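Residue-level structure breakdown
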Amino acid sequence: MALMVERARRLGWILLKAVLRFSFMVINNLVAIPSYVLYLIVLQPVRLMDSRTFWHIEGVMFKWLLAMVSSWGWAAGYTVMEWGDDVRPISEDAAVVIANHQATGDVCTLMMCLQDKGTVVRKMMWLMDHVFKYTNFGLVSLIHGDFFIRQGKPHRDKQLILLKDHLDKYYHSRDRKWIVLFPEGGFLRKRRETSQSFSKKNNLPFLKHVTLPRMGATEVILKSLGPQQENGSLAAGDATRSASKSRGLQWVIDITIAYTKAKPMDIQTWILAYRSPTVTHVHYRIYPIKDVPIETEPLTNWLYQRFVEKEELLAHFYETGAFPPPKGQKEAVSKEMTLDPVWLFLIQSLAFASGYMWYNILQYFYYVFF
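Treat the numbers as computed from the prediction; the structure is a model and nothing was measured.

1. Let's talk about the overall build of the chain
Looking only at helices and strands, the chain has 12 helices and 10 strands in total. Radius of gyration (C-alpha) of the chain: 22 Å, near the 21 Å computed for a compact globule of 370 residues. With the C-alpha coordinates of the chain rotated into their principal frame, the extents come out at 70 × 65 × 45 Å. Scored against the burial criterion, the 370 residues of the chain give a buried share of 49%. Counting contacts in the chain only where the partners sit at least 6 residues apart, residues at least 24 apart contribute 77% of the total. With an accessible surface of roughly 19,200 Å², the chain has 60% of that area assigned to carbon and sulfur atoms. In the chain, which carries 44 positive and 33 negative side-chain charges, the distance between the mean positions of the two groups comes to 5 Å.

2. Things to note about the nonpolar core
Membership of the largest hydrophobic core comes to 57 residues, with the highest contact counts inside it found for Leu110, Trp126, Trp178, Ile253 and Ile255. The leading source of residues in this core is helix α3 (residues 51-75), at 10 residues. Sequence-distant contacts of Ile255, that is, excluding residues within four places in its chain, are made with Val97, Ile98, Ala99, Asn100, Leu110, Val282, His283, Tyr284 and Lys310. Counting 42 residues, the second-largest nonpolar core is a separate cluster that includes Ala94, Ile149, Ile294 and Tyr304.

3. Describing the pattern of salt bridges
All chains considered together, the criterion is met by 15 salt bridges. Between Asp175 and Lys123 there is a salt bridge; the shortest N-O distance is 3.1 Å. Here Lys123 lies in the loop between α4 (105-113) and β3 (125-129) and Asp175 lies in the loop between α6 (156-170) and β5 (178-181), a separation of 52 residues in the sequence. Accessibility expressed as a relative area gives 17% for Asp175, which makes it buried. For Lys123, a relative accessible area of 11% translates into the label buried. As a salt-bridge pair, Asp175 and Lys177 come within 3.6 Å of each other at their nearest N and O atoms. Here the two residues Asp175 and Lys177 agree in accessibility, since each one is buried.

4. Concerning the side chain of His166
Here His166 shows up in helix α6. By relative accessible area, which is 12% here, His166 ends up buried. Once residues lying within four places of it in the same chain are set aside, the contact partners of His166 are Met125, Gly145, Asp146, Phe147 and Tyr171.

5. A word on the packing of α3 against α4
Two elements in contact, α3 and α4, have axes separated by 8 Å at closest approach and are oriented at 105°. In terms of axis orientation, α3 runs roughly perpendicular to α4. Contacts between α3 and α4 involve Leu66, Val69, Ser70, Gly73 and Trp74 from the first element and Cys108, Met111 and Met112 from the second. When its residues are assigned to classes, the contact of α3 with α4 shows six nonpolar, two polar and no charged.

6. As for the packing of α3 against helix α12 (residues 341-369)
In contact at an axis separation of 10 Å, α3 and α12 are set at 120° when each is read in the N-to-C sense. In terms of their interaxial angle, α3 and α12 are classed as oblique. Once α3 is placed against α12, the crossing between them reads as left-handed. Between α3 and α12, the residues in contact are Lys63, Trp64, Ala67, Met68, Ser71, Trp72 and Trp74 and Pro341, Trp343, Leu344, Ile347, Gln348, Leu350 and Ala351, respectively.

Cut-offs applied
Once a new chain begins, its residue numbering starts again from 1 and follows that chain's sequence as written. Given that the model is predicted, a residue must reach a pLDDT of at least 70 before its local features are reported, and side-chain atom pairs must reach 80 or more before they are shown or counted; all residues, however, enter totals for whole chains, interfaces and linings. Side-chain measures were taken over the full set of non-hydrogen atoms in the model, leaving aside hydrogen atoms and water. Starting at the N terminus, helices and strands are each numbered in turn, a helix being any DSSP run of H or I of at least four residues and a strand any DSSP run of E of at least two. For the radius of gyration, the atoms used are the C-alpha atoms, and the globule rule reads 2.2 Å times the number of residues raised to 0.38. Any residue under 20% of the maximum accessible area for its type is buried, any over 50% is exposed, and the rest in between are partly exposed; the area is computed with a 1.4 Å probe on protein chains only. Every residue pair with non-hydrogen atoms within 4.5 Å of one another is taken to be in contact. Each accessible area value is a Shrake-Rupley result obtained with a 1.4 Å probe; residue values ignore everything except the protein chains displayed when judging cover. Working convention for charge: Lys and Arg count positive, Asp and Glu count negative, and His plus the chain ends are omitted. Charge positions come from single atoms, namely NZ of Lys, CZ of Arg, CG of Asp or CD of Glu. What makes a nonpolar core is a set of buried Ala, Val, Leu, Ile, Met, Phe, Trp, Tyr and Cys residues whose side-chain atoms join them at distances within 4.5 Å. Counted as salt bridges are all cases of a side-chain nitrogen of Lys or Arg within 4 Å of a carboxyl oxygen of Asp or Glu. Axis lines are fitted to C-alpha atoms, over the contacting stretch for helices. Their N-to-C directions set the angle, which ranges from 0 to 180 degrees. Angles below 35 degrees are treated as roughly parallel, those above 145 as roughly antiparallel, those between 65 and 115 as roughly perpendicular, and all remaining angles as oblique. Note that Gly is not counted as nonpolar here; it falls among the polar residues with everything else outside the nonpolar set of Ala, Val, Leu, Ile, Met, Phe, Trp, Tyr, Cys and Pro and the charged set of Asp, Glu, Lys and Arg. Should the near helix be turned anticlockwise from the far one by less than a right angle, the crossing is left-handed, and should it be turned clockwise, the crossing is right-handed.

Structure (structure tokens):
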């Protein structure tokens, strides 16, 4: 009897916490997103006179919005442990980020772990499934200049043309640096069986923890934004930073996301926090753009090899609880990514203050004109 009462109390607390968190996040969205849009409407004269300053301001507000999303998980005890290469020294360089995709929580994880990487978040461009366009954050991403891609063979050719046009139009004009995409083209649980069947038929590596990547978007990005080609690879950069920026992409950043006990986190868990506090592990590996082939077949082989390496990393992690050490080292070093609670409080306070301000401004104009 006592055990049943304890379980009932625990379930009741989980439900109450979920309701309170959901209510807060609805209000958070209702004040933050409209405020972001209204600020940008008021700043349209700045866009006409100095578009670079306008998109700088937009990027700062975009980072704040992503920090709010990060705070939802952080407050629930969902933290990130980082492994591998240090990406901070290249945070100002142009790069394409390729990550494995297990669940909707992958996006939230990246929103969190990139917050302390300089200007990365405010200058990044996301490639995401078109379904995200219809979420609460879809309007923000649309304004920021992210690209929504429609999956499926019938749409593939048209989507790649649209992607190239999008990059040509927005990447340089809005001073974007990092482009984040998930080359697998879908969640692991949805694509694993199809990927494994394709691997068997074509004598390709058999993967369990990731799926074989799709090439289209990666190839378009590299060909559209990479430096000039030299012998089938993207050209290396000069020593000066200004010269390197003018030629486009400088790095490929390979991110591998691993969840404790191989249980991915979805956006519902991030919002409602019905799962116990847990640590998500993120592994970085950096490749100079000069080492990346550009022709279709060599690039396909190169990208397949990256996902074979991801498979090995994840297999090692799920077996030992840690990523393997780099070559030549005996032990892998990890670092906990932390968010500043004071900074998060100030951002949330600004969001609610802005929402209150805009409510009063709109109410005033309503009374004046109607």
